[in-house]
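Examination of the molecular architecture
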Amino acid sequence: MSNLNSVIPAITSKQLFAPELVGKTYYGEFCDCFSHVLTTNYSGLSEALFSVEVRENRCTYLSSALWSFESLDVLTTRDVRIDPIENDEFVFPYLMTQAPIKPIVDMVQIEAYHDAIAALHETDCLVVLGYSFCDSDYHIASLVRGYIETQGKCMIYLDHSGSQTRESLATKLRVGEEYLCNIHVVKINDKSLSAVKDFLLSDESSQ
């Protein structure tokens, strides 16, 4: 654990993901298309969805992040990029893995979910990118279900595998049949990605 303060900057560096590689992914394709991002990814890759000059505080990490550590002494978490680990301190990474029970440790987690709910309230269009709504993440599915069942809201699901339908997603999310019209599944190809991007950047979308 003695070298964590040197490891953390390395794995959270803005240069960890080379721009030329990110540019060929969803993240590069949709850069600056969103107002906010909710992610279960532990790394900082989601930051690439925003230009460097505007990316601060635009991502909410619902499953914590690589730079979040928990202190065994006080059972609280902190960002070790801001509050480094002391040499004699016993800490361990705090990552919310896929498990049916999600422990609440301190206010950091509560604030993350508060931010997520606030972001959902503010947007009319939720785009789901690279997330499958696994059974162990029902706490996230419940947020999305409440969103879909709100008047004036819609979800666009970018389906890379080609295996999802609005009915299958409604079943996963336990969304009522009367709200199926608020779920839109887009099969991924170059043409559909361009169409979604154009929509997100238009005045019709508040995402």
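Position numbers for residues start from 1 in each chain and track the written sequence from start to end. Residues qualify for local features only when their pLDDT is at least 70, as the model is predicted, and side-chain atom pairs are given and counted only at 80 or more; totals for whole chains, interfaces and linings, by contrast, use all residues. Note: side-chain values were computed over all heavy atoms of the structure, leaving out hydrogens and water.

Some points on the overall build of the protein
From N to C terminus, the protein includes seven helices and eight strands. Each residue is placed in one exposure class: buried if its accessible area under a 1.4 Å probe, protein chains only, is under 20% of its type's maximum, exposed if it is over 50%, and partly exposed if it falls in between. Considering the protein as a whole, with its 207 residues, one finds that 42% of them fall into the buried category. Sequence separation of at least 24 residues holds for 57% of the intrachain contacts in the protein that already meet a minimum separation of 6. Only DSSP runs of H or I with at least four residues qualify as helices, and only runs of E with at least two residues qualify as strands; both kinds are numbered from the N terminus onward. Whether two residues are in contact is decided by their heavy atoms: any pair within 4.5 Å suffices.

What to know about the pairing of strand S8 (residues 183-187)
Note that strand S7 (residues 154-159) and S8 share five bridges and pair parallel. Bridging from a neighbouring strand, Ile 156 pairs with His 184 of S8. When the strands point away from the viewer and the path from the first strand over the helix to the second turns clockwise, the crossover is right-handed. A crossover links S7 with its parallel partner S8, the connecting element being helix H6 (residues 166-173), and its sense is right-handed. Here, any two strands with at least 2 DSSP bridges between them count as paired.

Describing the sheet that holds S8
Sheet architecture is open: three strands sit in the order S6-S7-S8, paired in parallel fashion. Strands at the two margins of the open sheet, each flanked by one partner only, are strand S6 (125-129) and S8. In this sheet, neighbouring strand axes are inclined to one another by 20° on average, regardless of whether the strands run parallel or antiparallel. Note that S6 and S7 share five bridges and pair parallel. In the sheet register, Val 128 faces S7, and the bridge partner there is Tyr 157. Where helices are involved, their axes are fitted lines through C-alpha atoms of the stretch in contact, as for all axes, and angles between N-to-C directions lie from 0 to 180°.

So, the packing of aromatic side chains
Only rings of Phe, Tyr and Trp enter the pairing, Trp through its six-membered ring, and a pair is recorded when the two centres are within 6.5 Å. The plane angle decides the type: under 30 degrees is stacked, over 60 is edge-to-face, the rest tilted. For the structure shown, the criterion picks out four aromatic pairs. Ring plane angle 35° and centroid distance 5.9 Å describe the contact between Phe 30 and Phe 34, whose orientation is recorded as tilted. Given the relative accessible area of 0%, Phe 30 is considered buried. According to the relative accessible area criterion, Phe 34 is buried, its value standing at 9%. Look at Tyr 61 and Trp 67: their rings are 5.2 Å apart centre to centre, the planes differ by 80°, and that puts the pair in the edge-to-face class. Comparing Tyr 61 with Trp 67 shows no difference in burial state: the two are buried. Here the aromatic cluster, defined as three or more aromatic residues joined through ring pairs, consists of Tyr 131, Phe 133 and Tyr 157. Over the aromatic face of Trp 67 sits the side chain of Arg 81, whose NZ or CZ is 4.1 Å from the ring centroid. Counted as over-ring charges are cases with an Arg CZ or a Lys NZ within 6 Å of the ring centre that also lie within 35 degrees of the ring normal.

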